[in-house]
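Fold and contact review
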Amino acid sequence: QQQVRQSPQSLTVWEGETAILNCSYEDSTFNYFPWYQQFPGEGPALLISISSVSDKKEDGRFTIFFNKREKKLSLHITDSQPGDSATYFCAARTGNTRKLIFGLGTTLQVQP
Amino acid sequence: DAGVTQTPRHEVAEKGQTIILKCEPVSGHNDLFWYRQTKIQGLELLSYFRSKSLMEDGGAFKDRFKAEMLNSSFSTLKIQPTEPKDSAVYLCASRRLGLSSYEQYFGPGTRLTVL
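As a starting point, this report considers the structure included with it. Position numbers for residues start from 1 in each chain and track the written sequence from start to end. As a convention, the first chain written is A and the first ligand written is 1, with the rest following in written order. In keeping with the predicted nature of the model, local features appear solely for residues at pLDDT of at least 70, side-chain atom pairs appear and are counted solely at 80 or more, and the whole-chain, interface and lining totals rest on all residues. Side-chain measures here rest on the full set of heavy atoms in the structure, leaving out hydrogens and waters.

1. Observations concerning the pairing of strand S7 (residues 65–71) of chain B
Residues and elements named next belong to chain B. We call two strands paired when DSSP finds no fewer than two bridges between them. Strands are runs of DSSP state E lasting at least 2 residues, helices are runs of H or I lasting at least 4, and numbering of each runs from the N terminus. Pairing geometry for S7 and strand S8 (residues 74–79), over six bridges, is antiparallel. Of the residues in S8, the one forming a bridge with Lys 66 is Lys 78. The loop that links S7 with its antiparallel partner S8 comprises two residues.

2. Some details on the interface of chain B and chain A
Note on interface size: it is often stated as the accessible area lost on association of the parts. Contacts between chain B and chain A engage 23 residues on the former and 18 residues on the latter. Buried area is a sum: the accessible area each of two parts loses on coming together, probed at 1.4 Å, counted once for each and added. The junction of chain B with chain A conceals about 1600 Å² of combined surface from both sides, 56% of it contributed by carbon and sulfur atoms. Each salt bridge in this description consists of a side-chain nitrogen of Lys or Arg and a carboxyl oxygen of Asp or Glu lying within 4 Å of one another. Where chain B meets chain A, there are zero salt bridges. Polar contacts, as counted here, are pairs of nitrogen or oxygen atoms within 3.5 Å of one another; within protein the pair requires one atom able to donate a hydrogen and one able to accept it, and residues that are adjacent in sequence qualify only if both atoms are side-chain atoms. Summed over the shared surface of chain B and chain A, the result is four residue pairs in polar contact (both at pLDDT 80 or more). Looking at the side of chain B that touches chain A, the elements that each hand over two or more residues are strand S4 (31–38), strand S5 (42–50) and strand S9 (88–95) of chain B. The dominant element in the side of chain B that touches chain A, judged by the number of residues it contributes, is S5 of chain B, at five residues. Whether two residues are in contact is decided by their heavy atoms, any of which lying within 4.5 Å being enough.

3. Observations concerning the state of the cysteines
Residue and element names in this part refer to chain A. Criterion for a disulfide: a pair of cysteine sulfur atoms at a distance within 2.5 Å. Per the counting criterion, the structure on display carries two disulfides over all chains. Sulfur-sulfur distance for the disulfide between Cys 23 and Cys 90 comes to 2.0 Å. The sign of the -70° torsion about the S-S bond sets the Cys 23-Cys 90 disulfide as left-handed. On the criterion of sequence distance, the pair formed by Cys 23 in strand S3 (residues 19–25) and Cys 90 in strand S9 (residues 86–94) is long-range, its members being 67 residues apart.

4. Some thoughts on the pattern of salt bridges
All names here are of chain A. With the rule as written, the count across this model stands at 10 salt bridges over all chains. Note that Asp 84 and Arg 61 form a salt bridge whose closest N and O atoms lie 2.8 Å from each other. Placement of the pair is Asp 84 in the loop between strand S8 (72–77) and S9 and Arg 61 in the loop between strand S6 (56–59) and strand S7 (62–67), with a sequence separation of 23 residues. Exposure remark for Asp 84: the relative accessible area of 5% places this residue in the buried category. For Arg 61, a relative accessible area of 25% corresponds to the partly exposed category. Note that Arg 69 and Glu 70 form a salt bridge whose closest N and O atoms lie 3.3 Å from each other. Each residue is placed in one exposure class: buried if its accessible area under a 1.4 Å probe, protein chains only, is under 20% of its type's maximum, exposed if it is over 50%, and partly exposed if it falls in between.

Here it is in structure tokens:
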């Protein structure tokens, strides 16, 4: 059973729109949530991350919203660009381990 | 700094063969991770080294998968014998002590196809 779940599996938006990618988790000990971006033929790269003590983290056009009570978070990409087309992975880490648990990813396509 | 290097980028093997994948972490990084990536299972941790010591060997992957770190700048992942279900992308990632553990730097991966 996936401990970190992502939805939708794939998403298509038009250039300039806001893309919303969702993530939920089961384990209440998870305390750090990085999002990775992966382009075809490349490894994932850290995009933005949030700690469980925050409810929002912003970096340019990328914003994470975090709801600890509901164990949900979302990544908002505003003014989406074709260059944002990639697969986005939500991950989670507990304070007790140095491992990351990854979701299955959301593949985003931004149409010009 | 150079990023994580993985070789080869592509590997094709016959069922039953032994293959060895190679990884060079970012210079100065102490932690090294091996992952397997498939569309169905996503990213699964195979092995984790801290300062060359094996911290986790991936449970279900133990029997045919063996990762080694001979020195701080080189690691190998051996799959013996290979099976068609091993077809996947194998990713290596490294991390420097002192940074939060989510800051793993990934290599480009090796795409393995087992016939």
